[in-house]
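Take a look at the letters that make up each chain.
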There are 4 protein chains.
Amino acid sequence: MNVDDVLDTAQGWLPAQDIAEVRDRVPIVYVDAVPVRLDHLGQVERVGLLLRAMPDGTISRAVVSGRVLFGETIRQALWRHLTKDLGPEADPQLPASPSPYTVAEYFPDPERSGYHDPRQHAVSLAYVVPITGTPEPQQDSLDFSWVTPGEALGPSVAAEMTGGHDKLVRLALATCGF
Amino acid sequence: MNVDDVLDTAQGWLPAQDIAEVRDRVPIVYVDAVPVRLDHLGQVERVGLLLRAMPDGTISRAVVSGRVLFGETIRQALWRHLTKDLGPEADPQLPASPSPYTVAEYFPDPERSGYHDPRQHAVSLAYVVPITGTPEPQQDSLDFSWVTPGEALGPSVAAEMTGGHDKLVRLALATCGF
Amino acid sequence: MNVDDVLDTAQGWLPAQDIAEVRDRVPIVYVDAVPVRLDHLGQVERVGLLLRAMPDGTISRAVVSGRVLFGETIRQALWRHLTKDLGPEADPQLPASPSPYTVAEYFPDPERSGYHDPRQHAVSLAYVVPITGTPEPQQDSLDFSWVTPGEALGPSVAAEMTGGHDKLVRLALATCGF
Amino acid sequence: MNVDDVLDTAQGWLPAQDIAEVRDRVPIVYVDAVPVRLDHLGQVERVGLLLRAMPDGTISRAVVSGRVLFGETIRQALWRHLTKDLGPEADPQLPASPSPYTVAEYFPDPERSGYHDPRQHAVSLAYVVPITGTPEPQQDSLDFSWVTPGEALGPSVAAEMTGGHDKLVRLALATCGF
């Protein structure tokens with residue numbers, strides 16, 4: 001059973017069994033957030049990466065990612081997942097525009113799109129989110145670390161990401177001019 | 001029973017009863033497409049509006065809109081709905097970028113977000129789609145007509161749209177510089 | 001003689017006489033910045049408007065706007081003009097992405113594009129800039145005030161803006177989902 | 001003397017000597033266009049690259065690029081340069097939105113920004129432009145060829161581009177989801 005489902009259940013939104021049924025029928029709405037540290041000119045100095053258990057069973061580096069609940073706005077989902085993963089002191093600066101920098105389409109088939117989730121077909125709206133506070137890894141995150149854009153794009157960090165999160169980071173940095 | 005569900009059923013993807021159950025549990029992924037006619041410089045000359053039965057029971061002007069199916073990509077869903085609504089000769093030019101110009105969050109509560117769907121919570125990725133062929137209203141569309149950007153933004157056309165489609169058109173034209 | 005030119009001269013970049021000559025020959029690169037106050041979910045709560053002498057000779061409400069100097073990056077120009085107009089305590093959050101939400105093409109002919117500058121043909125990259133500090137009107141600004149998005153879009157505030165700044169604000173709010 | 005200047009002069013807009021003077025004083029407005037061939041779903045199948053003499057004296061692969069003239073709109077400049085470089089049968093599909101996917105800041109200093117032009121400081125608005133017709137290299141272009149996205153991102157093609165055009169292509173493909 002997935003950690004995300006347990007949390008949702010704890011909050012009374014949807015039993016884990018039901019989400020499993022729904023996952024076989026419709027695409028699930030997700031949000032992905034790439035945490036960044038900016039300098040005063042808005043230039044990316046660091047990219048934030050979690051270390052966590054992934055849907056594919058690996059322990060990998062990853063960006064913040066999670067489901068949008070019934071009745072929840074995209075912004076509320078972003079805030080909830082960022083706070084859950086980075087802690088209450090992270091102070092994420094949510095974007096003024098609702099338009100994501102890319103849309104990641106996760107399929108159970110790893111060859112389909114470059115984004116892979118063995119559990120489901122998920123359509124994820126991806127945002128770059130500047131962090132002005134102090135992130136602390138929470139709950140199911142084992143670690144959080146800042147890497148430079150060069151490190152984030154390098155082969156060794158990319159190799160520690162699965163499911164297409166390396167691609168998400170690469171496109172996020174491209175959006176920022178890298 | 002909703003026309004969209006019948007079509008889905010006819011194509012064997014999901015019985016109408018099941019989609020009704022799912023709709024109470026998770027947000028449903030949608031796409032919205034605003035058809036436009038461009039001049040050779042890319043400037044919007046006309047906005048295309050359907051006349052159709054809407055989820056709220058009205059007959060209204062509307063943009064192309066529909067559900068993304070399990071296993072279907074955003075691009076496939078856009079193509080399917082554009083072809084279904086505008087006919088096989090429309091020749092829609094799907095965007096190279098997956099990033100929508102806005103994200104419309106439809107809620108059963110009409111006061112929640114400016115986008116309203118009494119049937120469900122839908123998260124819709126909205127795109128401006130240039131049409132280079134000849135659209136013909138199909139199936140459940142009663143009419144298709146081209147209006148100028150000025151007409152599309154005017155009060156009389158806006159009053160013929162429900163559920164937030166007037167807002168979708170207004171934001172689409174703003175994206176195009178109007 | 002224009003205030004902007006005097007300042008540039010004071011900083012030794014280009015004499016006012018020379019900029020006048022250049023202005024008749026090539027489009028001039030500008031930046032426009034629409035200051036906004038966001039809530040913790042990234043939703044626009046207020047739009048910031050200056051009161052200042054405009055190129056057309058009026059005293060009008062306006063967004064932050066100014067020339068990009070030779071050798072200066074877009075980000076440096078944004079920072080310089082925001083700091084000059086809003087003061088050292090404004091704490092503007094420059095965007096991570098270099099892509100502007102729109103490009104305003106100012107022409108001496110007021111009928112040409114919806115953006116008007118009697119002095120020059122200027123191509124301006126326009127950004128929405130969240131302000132987290134305390135703006136204070138500086139130097140050539142007579143006032144700075146926060147208005148709600150509804151007020152910013154209303155006819156009375158729009159009537160106090162010239163040169164197309166009302167359009168810039170309207171498109172900025174559309175980008176943010178309004 | 002630069003080919004671009006000769007053309008401008010031939011069209012009577014600005015003598016080559018004057019543009020040289022202006023280039024030392026203000027940033028020059030440019031447009032860059034990355035030609036792409038899309039399939040019916042909007043997915044990039046090919047990227048179009050010119051072979052031409054570059055400002056740095058090399059013969060290199062390059063995207064369409066050129067100056068915006070006094071009194072000319074961005075769209076007119078895009079059309080003029082695309083038609084000049086790809087010929088009258090290219091049928092470029094100019095974007096509906098004026099917002100570029102990135103802004104390339106070319107500096108005489110090659111270390112400054114990743115974009116380099118020894119002649120000038122240029123601020124270039126970059127667009128992805130689908131080509132539906134038949135491009136033919138014109139005038140100062142020695143060749144035009146379509147490459148796959150994989151080839152465009154590979155080291156051998158990138159090595160044939162100078163001044164940052166490889167970066168322009170990479171960011172363009174990232175915008176398109178690659």
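For the structure, see preceding data.
Enquirer: Teacher, can you tell me more about the overall build of chain A here?
Expert: Secondary structure assignment for chain A yields 6 helices and 7 strands. Secondary structure of chain A in N-to-C order comes out as α-α-β-β-β-β-α-β-β-β-α-α-α. Expected size for 178 residues packed as a compact globule is a radius of gyration near 16 Å; at 15 Å, chain A falls within 12% of this value. Taken along its principal axes, the extent of the C-alpha atoms in chain A is 45 × 35 × 30 Å. Out of the 178 residues in chain A, the part that is buried amounts to 60%. Within chain A, contacts between residues separated by at least 24 positions form 67% of all contacts whose residues are at least 6 apart in sequence.

Enquirer: Quick question: what am I supposed to make of the pattern of salt bridges here?
Expert: Oppositely charged side chains may form a pair once their charged atoms are brought near each other. The full count for this structure, using the stated rule, is 24 salt bridges over all chains. Salt-bridge contacts for Asp117(A) lead to Arg119(A); the nearest nitrogen and oxygen are separated by 2.9 Å. Given a relative accessible area of 4%, Asp117(A) falls into the buried group. Arg61(B) serves as the salt-bridge partner of Asp143(B), at 3.9 Å between the closest nitrogen and oxygen. Taken together, the residues span a long stretch of sequence, with Asp143(B) in strand E8 (residues 141-147) and Arg61(B) in strand E3 (residues 59-62) at a distance of 82 residues. Linked by salt bridges that have partners in common, Arg61(A), Asp143(A) and Glu160(A) make up one network.

Enquirer: What should I look at first to understand the interface of chain B and chain D in this one?
Expert: Many descriptions give the size of an interface as the accessible area lost when the pieces come together. Counting residues at the interface gives 19 residues for chain B, matched by 19 residues for chain D. Together chain B and chain D conceal approximately 1500 Å² of surface at their shared face, both sides included; 66% is due to carbon and sulfur atoms. Between chain B and chain D we count 0 salt bridges in total. Between chain B and chain D we count 6 residue pairs in polar contact (both at pLDDT 80 or more) in total. At 3 residues, helix H3 (residues 74-86) of chain B tops the list of elements feeding residues into the side of chain B that touches chain D. Looking at the side of chain B that touches chain D residue by residue, the class counts come to 9 nonpolar, 9 polar and 1 charged.

Enquirer: Explain the relation of the copies chain A and chain B here, please?
Expert: In summary, the two copies of the chain are related to each other by a rotation about an axis coupled with a shift along it. With an RMSD of 0.0 Å, the operation that places chain A on chain B is a rotation of 180° combined with a shift of 0.0 Å along the axis. In short, the pair behaves as if placed about a two-fold rotation axis.

Enquirer: Would you mind showing me how to read the nonpolar core here?
Expert: Across soluble globular proteins, nonpolar side chains have a tendency to be buried as a group. With 120 residues, the main nonpolar core has Val47(A), Val47(B), Val47(C) and Val47(D) as its most contacted residues. Other than its neighbours up to four places away in sequence, Val47(D) contacts Val34(D), Pro35(D), Ser145(D), Trp146(D), Val147(D), Ala152(D), Val169(D) and Leu173(D).

Enquirer: Could you clarify how one ought to interpret the relation of the copies chain B and chain D in this entry?
Expert: Expressed as a screw transformation, the operator carrying chain B onto chain D has a rotation angle of 180° and an axial translation of 0.0 Å, and the superposed copies differ by an RMSD of 0.0 Å. Both copies contact each other with a shared surface, as 100% of the interface residues of chain B are interface residues in chain D too.

Enquirer: Please explain the interface of chain A and chain B as it appears in this structure.
Expert: Facing 33 residues of chain A, the contacting portion of chain B comprises 33 residues. Summed over both sides, the interface between chain A and chain B buries roughly 2600 Å², with carbon and sulfur atoms accounting for 65% of that surface. On the chain A side of the interface with chain B, the three residues burying the most area are Arg25(A), Val26(A) and Phe70(A), jointly 24% of the side's total. On the surface where chain A and chain B come into contact, there are 0 salt bridges. Run the count over chain A and chain B and you get 10 residue pairs in polar contact (both at pLDDT 80 or more).

What counts, and where the lines are drawn
Residues numbered from 1 in each chain as written. Chains lettered and ligands numbered in written order. Predicted model: local features only at pLDDT ≥ 70, side-chain atom pairs only at ≥ 80, totals over all residues. Heavy atoms only, no water. Helix = DSSP H or I, 4+ residues; strand = E, 2+ residues; numbered from the N terminus. Rg over C-alpha atoms; globule rule 2.2 N^0.38 Å. Buried < 20%, exposed > 50% of the residue type's maximum accessible area, 1.4 Å probe, protein only. Contact = heavy atoms within 4.5 Å. Salt bridge = Lys/Arg side-chain N within 4 Å of Asp/Glu carboxyl O. Buried area = accessible area lost by both parts, 1.4 Å probe. Polar contact = N/O pair within 3.5 Å; in protein donor to acceptor, adjacent residues only side chain to side chain. Nonpolar A, V, L, I, M, F, W, Y, C, P; charged D, E, K, R; others polar. Least-squares fit on C-alpha atoms with pLDDT ≥ 70 in both. Core = buried A, V, L, I, M, F, W, Y, C linked by side-chain atoms within 4.5 Å.

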